[in-house]
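# Fold and geometry: a report
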Amino acid sequence: MAIQHLIHSIKVAKEIGSKQYVAVGMGNLGLVYRTTGEVEKAIDCLSQAVSIARDIGFKRLEGVHLGNLGIAYQVGGQIEPSIEALQQSILVCRELGDLRSEAIAISNLGEVYLKLQRYEEAEVALRKAILVGEETYPVLSGAARSSLALLIAQRGQLDEAIELLKIGEPQVECHPEEHGKFLCRKAHVFRIGGDDVNAH
């Protein structure tokens, strides 16, 4: 139902010549396709949304959908395009002063680097995401703290890891999905430290 509604709204936007609404609609359609697992369709729609937004100078939308495109590429296993799109998103959002969207893109870039086992780059990105998101998106800072805690715990930096968890948990407690992920990473950190009591 949502897909058909969006396709219709995009058709109407094209008929009335509103490129802005076409870009918005294509971006939203891409997000729905990503959610339903239709990754290639998501990439196609989001790429079009970015291109249209860029053509009409709608930089805020360009920055947001570059970030969404980066995630879609990541889900589809296209890592280098994912990194490129996320890096472009960071630059556009930074230029606009859109700290929230910048923090999201930086955090996602850090997660991509983690999956690639590019740990130094992941640490730099996650620390930056924590700082940028602190005021504008605390839940993202909390989530990034848990990812960073797990990363540095694996290097033996347990004291800093536990401190990151202490600061980060209150930031995610009101968001059940993020809190669940946080608790999984927290348990892993404690297991690394040999603390099986707090790992449960």
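This text gives an overview of the structure that appears in the document. Quick caveat, the model's predicted, so the values are computed rather than measured.

## Some details on the overall build of the protein chain
For the protein chain, the helix and strand inventory stands at ten helices and zero strands. Starting at the N terminus, the α and β elements of the protein chain follow one another as α-α-α-α-α-α-α-α-α-α. Principal-axis analysis of the C-alpha atoms places the extent of the protein chain at approximately 65 × 35 × 30 Å. Going through the 200 residues of the protein chain one by one, you find that 46% of them count as buried. Partitioning the contacts of the protein chain with sequence separation of at least 6, the portion at a separation of at least 24 is 50%. With the model as given, the accessible surface of the protein chain reaches about 10400 Å², and the carbon-plus-sulfur share is 54%. Positive and negative side-chain charges of the protein chain, numbering 21 and 26 respectively, have mean locations separated by a distance of 4 Å.

## Some details on the layout of surface pockets
Estimates place the volume of the largest pocket at around 740 Å³. Residue lining of the largest pocket: 25 residues in total, with Ile-104, Asn-108, Leu-140, Glu-178 and Lys-181 positioned closest to the centre. Contributions of two or more residues to the lining of the largest pocket are made by helix 4 (59–75), helix 6 (99–115), helix 8 (138–153) and helix 10 (176–192). Per-element accounting of the lining of the largest pocket gives the leading share, seven residues, to helix 6. Considering only residue class, the lining of the largest pocket consists of nine nonpolar, nine polar and seven charged.

## Remarks on the packing of aromatic side chains
Think of a pair of aromatic rings as described by two things: how far the centres are apart, and how the planes are tilted against each other in angle. Going through the model one piece at a time under the given rule, you end up with zero aromatic pairs. Directly above the aromatic system of Tyr-137 lies the positively charged group of Arg-100, at a separation of 3.8 Å from the ring centroid.

## With respect to the pattern of salt bridges
Applying the stated rule across the entire model yields 14 salt bridges. In this structure, Arg-118 and Glu-80 form a salt bridge, with 3.9 Å as the shortest nitrogen-oxygen distance. Within this pair, whereas Arg-118 is found in the loop between helix 6 and helix 7 (119–136), its partner Glu-80 is found in helix 5 (residues 79–96), the two being separated by 38 residues in sequence. Since its relative accessible area comes to 52%, Glu-80 is described here as exposed. A network of salt bridges, in which partner residues are shared, links Glu-123, Arg-127, Arg-155 and Glu-160.

## Side note on the packing of helix 2 (residues 19–35) against helix 3 (residues 39–55)
Close contact between helix 2 and helix 3 brings their axes to 8 Å; oriented N to C, the two are set at 155°. The angle between helix 2 and helix 3 places the two elements in the roughly antiparallel class. Crossing handedness for the pair helix 2 and helix 3: left-handed. On helix 3, the residues touching Lys-19, Val-22, Ala-23, Met-26, Gly-27, Leu-29, Gly-30, Tyr-33 and Arg-34 of helix 2 are Val-39, Lys-41, Ala-42, Cys-45, Leu-46, Gln-48, Ala-49, Ile-52 and Ala-53. Considering only residue class, the contact of helix 2 with helix 3 consists of twelve nonpolar, three polar and three charged.

Reading the values: the criteria
Residues numbered from 1 in each chain as written. Predicted model: local features only at pLDDT ≥ 70, side-chain atom pairs only at ≥ 80, totals over all residues. Heavy atoms only, no water. Helix = DSSP H or I, 4+ residues; strand = E, 2+ residues; numbered from the N terminus. Buried < 20%, exposed > 50% of the residue type's maximum accessible area, 1.4 Å probe, protein only. Contact = heavy atoms within 4.5 Å. Areas by Shrake-Rupley, 256 points an atom, 1.4 Å probe, with all protein chains shown as cover. Lys, Arg positive; Asp, Glu negative; His and termini not counted. Charge placed at Lys NZ, Arg CZ, Asp CG, Glu CD. 1 Å grid on protein atoms, 1.4 Å probe; cavity = no way out; pocket = protein on both sides within 12 Å on 5 of 7 lines; lining within 4 Å. Points joined across faces, edges and corners; volume = space filled by probe spheres on them. Nonpolar A, V, L, I, M, F, W, Y, C, P; charged D, E, K, R; others polar. Phe/Tyr/Trp six-rings, centres within 6.5 Å; stacked < 30°, edge-to-face > 60°. Lys NZ or Arg CZ within 6 Å of the ring centre and 35° of its normal. Salt bridge = Lys/Arg side-chain N within 4 Å of Asp/Glu carboxyl O. Axes fitted to C-alpha atoms, helices over the stretch in contact; angles between N-to-C directions. Parallel < 35°, antiparallel > 145°, perpendicular 65-115°, else oblique. Left-handed = near helix turned anticlockwise from the far one by under 90°.

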